[in-house]
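The primary structure of each chain is shown beneath.
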Amino acid sequence: MSVTQIIQPRRFPEPAAALRLIKPVTWFPPMWAYLCGVVSSGVPPAGQWMLVLLGVVLAGPVVCGMSQAANDWCDRHVDAINEPDRPIPSGRIPGRWGLWIALAMSLLSLFVGWQLGPWGFGATVLGVLAAWAYSAEPVRLKRSGWWGPGLVGLSYETLPWFTGAAVLSAGAPALPVIVVALLYGIGAHGIMTLNDFKALEGDRQTGVNSLPVVLGPARAAKVACLVMTLPQIAVTALLFLWDKPLHAAGVAAVLLAQFRAMTVMFKDPEGRAPWYNGTGVLLYITGMMIAAFALRGLA
């Protein structure tokens, strides 16, 4: 006699899967960028710690978490190929719960952004729109290996940096702050390109023209590293020009350390890209904070 066990599909999300859906590991870059903006503003945070804390939470768990939920919902078919154990394709986030979570977090983002004043709210609106433009049809900029990573880089680095500086300053940041924030956001295009290596096969099958798909892993890795390098060289030159030689030397030093990590990755781009995203990116964001302290005296 055999017993057939019928497994009923879940009605509600598994709590651990819901947390995985918003990917806490991805929150750090925009949170760090917001803090870079706070530092670069030159405004003492004393008496404004609530704005600092609220902005960090908004940049990381709220807006970035929302963007991850939206991306997973829009990418559920790709993830079924690349990573079928992810929350939505595995069924641990059943039905349309992934979409509902992303929409609810979009509203939460706008509510929290409103608490940061007009500059914070305006930046939040841009962040929410960028998240959906990246992932959702019919725009789905993720299909492009140039526009998609570029949008994410600006959203993860430039926008929160600008927001942190604007909120603390209660006005538009100084031009040097905007320029450096923009340069680091452009350089983050390379980081996002390396992040695309993990979805190579699924992207090929579903028509996502990431640079690893279009150029192949070896050439895409070189392009990504070039895109990361050039803005950092520009930041170094600008800091020298602005009479900040020690800070310029610090940014140059972390860039040289990145060169060493790049040579390791080039030996096996597809296999080593995730390693570089842990090692080289840490050096990249270290340079961001060095630059932020330099800008504090210029703002």
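Look up: the structure comes first, before these words.
Values in this document were obtained by computation on a predicted structure and should not be read as measured data. (Residues numbered from 1 in each chain as written. Predicted model: local features only at pLDDT ≥ 70, side-chain atom pairs only at ≥ 80, totals over all residues. Heavy atoms only, no water.)

S.K.: What's the story with a nonpolar patch on the surface in this structure? I'm lost.
M.R.: A surface patch of nonpolar side chains, amounting to about 290 Å² of accessible area, comprises M50, L53 and V57. Relative to the helices and strands, V57 resides in helix α3 (residues 49-74). (Patch = residues over 30% accessible without salt bridge, like charges linked within 9 Å, V, L, I, M, F, W, Y side chains within 5 Å. Areas by Shrake-Rupley, 256 points an atom, 1.4 Å probe, with all protein chains shown as cover. Salt bridge = Lys/Arg side-chain N within 4 Å of Asp/Glu carboxyl O. Helix = DSSP H or I, 4+ residues; strand = E, 2+ residues; numbered from the N terminus.)

S.K.: Whenever I open this one, the packing of helix α2 (residues 28-40) against α3 confuses me. Can you help?
M.R.: How two helices pack is summed up by the angle between their axes together with the distance between the axes. One way to put it is that α2 packs onto α3 with a least axis distance of 8 Å and a crossing angle of 155 degrees. With respect to each other, α2 and α3 are oriented roughly antiparallel. The two elements α2 and α3 cross, and the hand of that crossing is right-handed. On the side of α2, the interface is formed by P30, M31, Y34, L35 and V38, while α3 contributes L51, V52, G55, V56, A59, G60, P61 and C64. Residues belonging to the contact of α2 with α3 are distributed by class as follows: eleven nonpolar, two polar and no charged. (Axes fitted to C-alpha atoms, helices over the stretch in contact; angles between N-to-C directions. Parallel < 35°, antiparallel > 145°, perpendicular 65-115°, else oblique. Left-handed = near helix turned anticlockwise from the far one by under 90°. Contact = heavy atoms within 4.5 Å. Nonpolar A, V, L, I, M, F, W, Y, C, P; charged D, E, K, R; others polar.)

S.K.: What exactly am I supposed to notice about α3 here?
M.R.: Given 3.6 residues to a turn, an α-helix orients residues that are three or four positions apart in the same direction. Look at α3: 36 Å from first C-alpha to last across 26 residues, which is about the 38 Å you get at 1.5 Å a residue. The sharpest bend along α3 reaches about 35 degrees and sits at L58, with the proline P61 one to four residues further on. Of all 26 residues making up α3, 19 are buried, and the element is well covered by its neighbours. (Expected span 1.5 Å × (residues − 1). Bend = angle between axes of the 7 residues up to and from the residue. Buried < 20%, exposed > 50% of the residue type's maximum accessible area, 1.4 Å probe, protein only.)

S.K.: What should I look at first to understand unusual backbone geometry in this one?
M.R.: Negative phi characterises most residues that are not glycine, and trans characterises most peptide bonds. In this model, E137 is joined to P138 through a cis peptide bond whose omega is 5 degrees. By the secondary structure assignment, P138 is in the loop between α6 (117-135) and α7 (147-169). Notably, K23 is not glycine yet its phi reads approximately 45 degrees, a positive angle. By secondary structure assignment, the location of K23 is in the loop between α1 (15-21) and α2. One non-glycine residue, A170, lies in positive phi territory at about 55 degrees. Residue classification places A170 among the exposed positions, given a relative accessible area of 67%.

S.K.: How should I be thinking about the environment of F12 in this particular structure?
M.R.: Its place among the elements puts F12 in the segment before α1. With sequence-adjacent residues up to four places away left out, F12 is seen in contact with R92, P94 and W97.

S.K.: For this particular structure, what's the right way to read the pattern of salt bridges?
M.R.: Any two side chains of opposite charge can pair, so long as their charged atoms come close to each other. Here the structure, examined in full by the defined rule, presents ten salt bridges. Between D85 and R20 there is a salt bridge whose closest N-O contact spans 3.8 Å. Here D85, found in the loop between α4 (76-82) and α5 (97-114), pairs with R20, found in helix α1; they are 65 residues apart in sequence, far enough to count as distant. In this structure D85 comes out as partly exposed when scored by relative accessible area, which is 45%. With a relative accessible area of 33%, R20 lands in the partly exposed category. Of the charged contacts, one joins D72 and K23 as a salt bridge, the two residues approaching to 2.6 Å between their closest N and O atoms. On the criterion of sequence distance, the pair formed by D72 in helix α3 and K23 in the loop between α1 and α2 is long-range, its members being 49 residues apart.

S.K.: Just checking my understanding: could you explain the packing of aromatic side chains for this structure?
M.R.: Remark: the centre distance and the inter-plane angle together describe each pair of aromatic rings, the angle taken between the planes. Enumeration according to the criterion identifies seven aromatic pairs in this entry. Their ring planes at 35 degrees and their centres at 5.4 Å tell us that F28 and W32 sit as a pair that is tilted. Highlighted residues: F28 and W32, both in helix α2, separated by four residues, approximately one helical turn. By relative accessible area, F28 is classed as partly exposed at 40%. Aromatic ring contacts, followed pair by pair, group F12, W97 and W100 into a single cluster. Note that R76 overlies the ring of W73, its terminal NZ or CZ placed 3.9 Å from the centroid. The ring of W275 carries R272 above its face, with NZ or CZ at 5.6 Å from the centroid. (Phe/Tyr/Trp six-rings, centres within 6.5 Å; stacked < 30°, edge-to-face > 60°. Lys NZ or Arg CZ within 6 Å of the ring centre and 35° of its normal.)

S.K.: Would you take a moment to explain the environment of S144 for this structure?
M.R.: Note that S144 resides in the loop between α6 and α7. Placed 63 residues apart in sequence, S144 and G207 show a C-alpha to C-alpha distance of 9.6 Å. For S144, the contacting residues outside a window of four places in its chain are P149 and N209.

Shape descriptors only; they carry no functional weight alone.
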